[in-house]
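Coordinate analysis (summary)
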Amino acid sequence: MEKVEFYDGTKILSMKDINGKTPSIFMIVSNRTAGKTTWFNRYLVKKFLEKGEKFMLVYRWKNELNDISVKFFKDIQELFFPNCEMTEKKFCKGNFIELFINNKSCGYAVSINRADQVKKYSHYFSDVQRILMDEFQSEDNRYCPNEITKFISIKTSVSRGKGKQQRYVPVYMLANPYSMINPYYMELGISDRLYKNTKFLRGDGYVFEQNLNESAAKAMEEDGFMRAFRNNTAYDYTVNGSYMIDDDAFIEKIHEKNTYRATIKSDGNCYCIRSLDLSGYIY
């Protein structure tokens, strides 16, 4: 019988950042069906049931806040918490969701695009101990306007309170590999340091894991539906954890004489354009 192995986040949660300090951000990227979402969802619920520590779920858009209790809890309830029931209640005109396990408040759900509302009502969230953002890479490549700034604002709003200007509230960020130039990689400098064989990466304040679950890959590879679509770009993304919209072609350093042409400035970053004299490529 084929051994099935699911994701385990124990290792990354024990790691220190590049400066030997406890990270505030834990980022995990893996192929689909690896089990990372199940592991972290269970982890949040266990911490609440054992210690009463509340959590916050972060989504991108307000319309994603519908039926959170079902989306978040259904699978792990059947697997790990059959005697528990999760319910929800909207407040602040539906901008926030409060979550309950067996009628006890266990956490909240908010959207990045309503970061200004989170700031206004930050006193509601002073009891949050952990933050989870699933799907931080958008598969349709749609991000909120100024998403990183809004995400920082939410974290700052949650971390205040309890008589402290800044509490330690770790953030767990999960995703499938969609693009190496997503805004979070770019902002944290991950894109410049990430290779196909990278498994763990330490940065200032964060640790990053790139995980390929072989058991999940093999199960998907043997599925008749996936085999039928082997030539589609979604196959490598779903089965092998390849970045879906990225292409390695022409990604290399300049090795020939070149001429400066222009600089494009966008969002505070400068991009130099050069023409390669021999090959004629634009770099």
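In this report, we go over the structure that sits alongside the text. (Residues numbered from 1 in each chain as written. Predicted model: local features only at pLDDT ≥ 70, side-chain atom pairs only at ≥ 80, totals over all residues. Heavy atoms only, no water.)

The next subject is the side chain of Ser111. Locating Ser111 in the fold gives a position in strand S5 (residues 104–111). Beyond its immediate stretch of four places on either side in the chain, Ser111 contacts Tyr59, Arg60, Trp61, Lys62, Leu65 and Ile154. (Helix = DSSP H or I, 4+ residues; strand = E, 2+ residues; numbered from the N terminus. Contact = heavy atoms within 4.5 Å.)

Ile68, Ser69, Phe72, Phe73 and Ile76 are the residues of helix H3 (residues 68–79) that are buried. Projected down its long axis, H3 carries its buried residues within an arc of 100 degrees, all on one side. Exposed and facing more than 90 degrees away from the buried side of H3 are Glu78 and Leu79. (Buried < 20%, exposed > 50% of the residue type's maximum accessible area, 1.4 Å probe, protein only. Arc of directions from axis to C-beta.)

With that out of the way, let us pick up the pattern of salt bridges. By the definition in use, this model includes 5 salt bridges. Among the ionic pairs, Asp127 bridges to Lys54, the shortest N-O distance being 2.8 Å. One end of the pair, Asp127, is in the loop between helix H4 (115–120) and strand S6 (128–133); the other, Lys54, is in strand S2 (residues 54–59), and 73 residues separate them in sequence. Among the salt bridges present, the one from Arg142 reaches Asp140, with a minimum N-O distance of 3.9 Å. (Salt bridge = Lys/Arg side-chain N within 4 Å of Asp/Glu carboxyl O.)

What follows concerns a nonpolar patch on the surface. On the surface, Ile181, Met186, Ile264 and Tyr271 cluster together to form a nonpolar patch covering roughly 410 Å² of accessible area. Topologically, Ile181 is positioned in the loop between strand S7 (171–175) and helix H6 (183–188). Owing to a relative accessible area of 62%, Ile181 belongs among the exposed residues under this scheme. (Patch = residues over 30% accessible without salt bridge, like charges linked within 9 Å, V, L, I, M, F, W, Y side chains within 5 Å. Areas by Shrake-Rupley, 256 points an atom, 1.4 Å probe, with all protein chains shown as cover.)

This next bit is on the packing of aromatic side chains. Summed over the entire model, instances satisfying the criterion amount to 22 aromatic pairs. These aromatic residues form a ring-pair network of at least three members: Tyr7, Phe26, Trp39, Phe40, Tyr43 and Tyr172. The aromatic ring of Phe80 is capped on one face by Arg42, whose charged end is 4.2 Å from the ring centroid. One cation-aromatic arrangement involves Lys71 over Tyr59; the distance from NZ or CZ to the ring centre is 5.3 Å. (Phe/Tyr/Trp six-rings, centres within 6.5 Å; stacked < 30°, edge-to-face > 60°. Lys NZ or Arg CZ within 6 Å of the ring centre and 35° of its normal.)

Let us look at the sheet that holds strand S1 (residues 25–30). Taken in spatial order, the 9 strands make up an open sheet running S3-S4-S5-S2-S6-S7-S1-S9-S8, and their pairing is mixed. Only two strands of the sheet have a single neighbouring strand rather than two, namely strand S3 (86–91) and strand S8 (200–202). Between one strand axis and the next, the sheet turns through 20 degrees on average, direction left out of account. Here S1 runs beside strand S9 (residues 206–211); their pairing, made up of 6 bridges, is parallel. From the neighbouring strand, Ser30 faces S9, where its bridge partner is Asn211. Against the sheet, H3 contacts S2, S3, strand S4 (96–101), S5 and S6, and its axis sits at roughly 155 degrees relative to S3. (Pairing = 2+ DSSP bridges. Axes fitted to C-alpha atoms, helices over the stretch in contact; angles between N-to-C directions.)

It is worth stressing that arrangement in space is one thing and function is another; only the former is reported here.
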